[in-house]
Amino acid sequence: MTENATPKTTAKSPVGFGKHDHAHCKTYGLSRAEAVCEAAGVQFTPIRRRVLEILLEAHEALGAYDVLARLSAEGLGSKPPVAYRALGFLVDNGLAHRIEKLNAYIACAHPGEAHDAAFMICRACGTVAEAEPRGLFKRTAGEAGFQIETLVIEAEGLCPDCGEASV
Ligand SMILES: [Zn+2]
Ligand SMILES: [Zn+2]
Ligand SMILES: [Zn+2]
């Protein structure tokens with residue numbers, strides 16, 4: 001399947017690669033999280049906020065124990081359930097995703113909108129960009145009468161920066 005063969009879609013462009021205003025990613029992520037929690041009537045507790053801030057620092061997936069190490073260094077908690085519960089909350093509320101392949105978590109690039117996500121994971125620098133899955137597979141499944149409930153797309157490769165460096 002070549003990229004050219006896929007029809008143009010209106011999918012949002014991947015967020016994470018290349019130079020961009022990352023301060024915007026952070027403030028956007030946090031403000032969306034506040035709005036999502038308020039709308040859902042759930043509490044955006046200091047620890048949930050801090051865990052999201054940690055995830056938002058870079059477009060890199062962090063394991064639960066990395067997050068826990070940060071929390072514990074900051075005196076916010078040292079028991080694994082503290083980190084797992086906060087991460088679970090973020091995932092359940094569409095504010096973060098779990099990357100199966102890395103057994104790690106990443107802040108959502110389009111928080112609060114229910115969506116399937118596809119991830120491009122750079123094997124050299126660890127950057128993870130989130131994109132919306134292409135419609136092709138979903139259409140094929142639809143034509144086969146298959147109802148997709150969960151769709152996990154995790155691609156590994158080289159990001160634009162690392163790809164260039166290796167030439
Ligand atoms: Zn960013
Ligand atoms: Zn997302
Ligand atoms: Zn890279």
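Here is a short report on the structure shown in this document.

1. Re the packing of helix α1 (residues 22-40) against helix α2 (residues 46-56)
Two measures define how a pair of helices packs: the angle their axes make with one another and the distance between the axes. Axis separation between α1 and α2 bottoms out at 10 Å; the angle between their running directions is 155°. Considering their axes alone, α1 and α2 lie roughly antiparallel with respect to each other. Crossing angle aside, the handedness with which α1 passes α2 is right-handed. Here α1 contributes His22, Cys25, Lys26, Gly29, Leu30, Ala33 and Glu34 to the contact with α2, which in turn contributes Arg49, Leu52, Glu53 and Leu56. Class assignment of the residues belonging to the contact of α1 with α2 gives a composition of five nonpolar, two polar and four charged.

2. What about the pairing of strand β3 (residues 118-122)?
Here β3 lies mainly inside the structure; four of its five residues are buried. Two elements, β3 and strand β4 (residues 128-131), share four bridges in a ladder whose sense is antiparallel. Bridging from a neighbouring strand, isoleucine 121 pairs with valine 128 of β4.

3. Notes on the side chain of glutamate 154
Mapping glutamate 154 onto the fold places it in strand β5 (residues 153-157). Polar contacts involving the side chain of glutamate 154 include one to the main-chain amide nitrogen of glutamate 100, which spans 2.7 Å. At 2.8 Å, the side chain of glutamate 154 forms a polar contact with the backbone nitrogen of lysine 101. Once residues lying within four places of it in the same chain are set aside, the contact partners of glutamate 154 are Arg98, Ile99, Glu100, Lys101, Phe119 and Ile121.

4. Here we look at the sheet that holds β4
Ordered in space as β4-β3-β5, the three strands form an open sheet in which the pairing is mixed. Since the sheet does not close on itself, it has two edges, and those belong to β4 and β5, each with one partner. Here the strands of the sheet are splayed against their neighbours by 20° on average, with no regard to which way each runs.

5. Some words on the nonpolar core
Counting 23 residues, the largest nonpolar core has Phe44, Val51, Leu52, Leu55, Val67, Leu87 and Leu90 as its most contacted members. Ignoring any residue separated from it by four or fewer positions in sequence, one finds phenylalanine 44 in contact with Leu30, Ala33, Glu34, Cys37, Arg49, Leu52 and Leu90.

6. Quick word on the packing of aromatic side chains
Under the definition given, this model contains one aromatic pair. Ring centres of tyrosine 65 and tyrosine 84 lie 6.3 Å apart, and the angle between their planes is 75°; this geometry places the pair in the edge-to-face category. Of the two residues, tyrosine 65 sits in helix α3 (residues 64-73) while tyrosine 84 sits in helix α4 (residues 80-92), which places them 19 residues apart along the sequence. Owing to a relative accessible area of 51%, tyrosine 65 belongs among the exposed residues under this scheme. The positively charged end of arginine 48 is found above the aromatic ring belonging to phenylalanine 89, 3.7 Å away from the centroid.

What counts and how
Residue positions are given per chain, counted from 1 along the sequence in the order it is written. Chains carry letters from A onward and ligands carry numbers from 1 onward, assigned in written order. Where local features are concerned, this predicted model is filtered to residues with pLDDT of at least 70; where side-chain atom pairs are given and counted, the filter is 80 or more; whole-chain, interface and lining totals use all residues. Each side-chain value is worked out from all heavy atoms of the structure, with water and hydrogens disregarded. All axes are obtained by fitting lines to C-alpha atoms, using only the stretch in contact for helices, and the reported angles, taken between N-to-C directions, cover 0 to 180 degrees. Each helix is a run of DSSP H or I of at least 4 residues and each strand a run of E of at least 2, with the numbering of both proceeding from the N terminus. An angle below 35 degrees is treated as roughly parallel, one above 145 as roughly antiparallel, one from 65 to 115 as roughly perpendicular, and anything else as oblique. Two helices cross in a left-handed way if the nearer one is turned anticlockwise from the farther one by less than a right angle. They cross in a right-handed way if the turn is clockwise. Whether two residues touch is decided by their heavy atoms; if any such pair falls within 4.5 Å, the residues are in contact. Throughout, the ten residues Ala, Val, Leu, Ile, Met, Phe, Trp, Tyr, Cys and Pro are labelled nonpolar, Asp, Glu, Lys and Arg are labelled charged, and all others, Gly among them, are labelled polar. Exposed residues in this analysis have more than 50% of their type's maximum accessible area, buried residues have under 20%, and partly exposed residues fall in between, with area computed by a 1.4 Å probe over protein chains only. The rule for pairing is simple: two strands pair if DSSP sees at least two bridges between them. The term polar contact refers here to a pair of N or O atoms within 3.5 Å; inside protein, the definition further demands a hydrogen-donor-capable atom paired with an acceptor-capable atom, and it admits residues adjacent in sequence only when both atoms are side-chain atoms. We call a set of buried Ala, Val, Leu, Ile, Met, Phe, Trp, Tyr and Cys residues a nonpolar core when their side-chain atoms join them within 4.5 Å. Aromatic pairing here means that ring centres of Phe, Tyr or Trp (its six-membered ring) are within 6.5 Å. Orientation follows from the plane angle: under 30 degrees is stacked, over 60 is edge-to-face, and everything else is tilted. Charge over a ring is defined by NZ of Lys or CZ of Arg lying within 6 Å of the ring centre and within 35 degrees of the ring normal.

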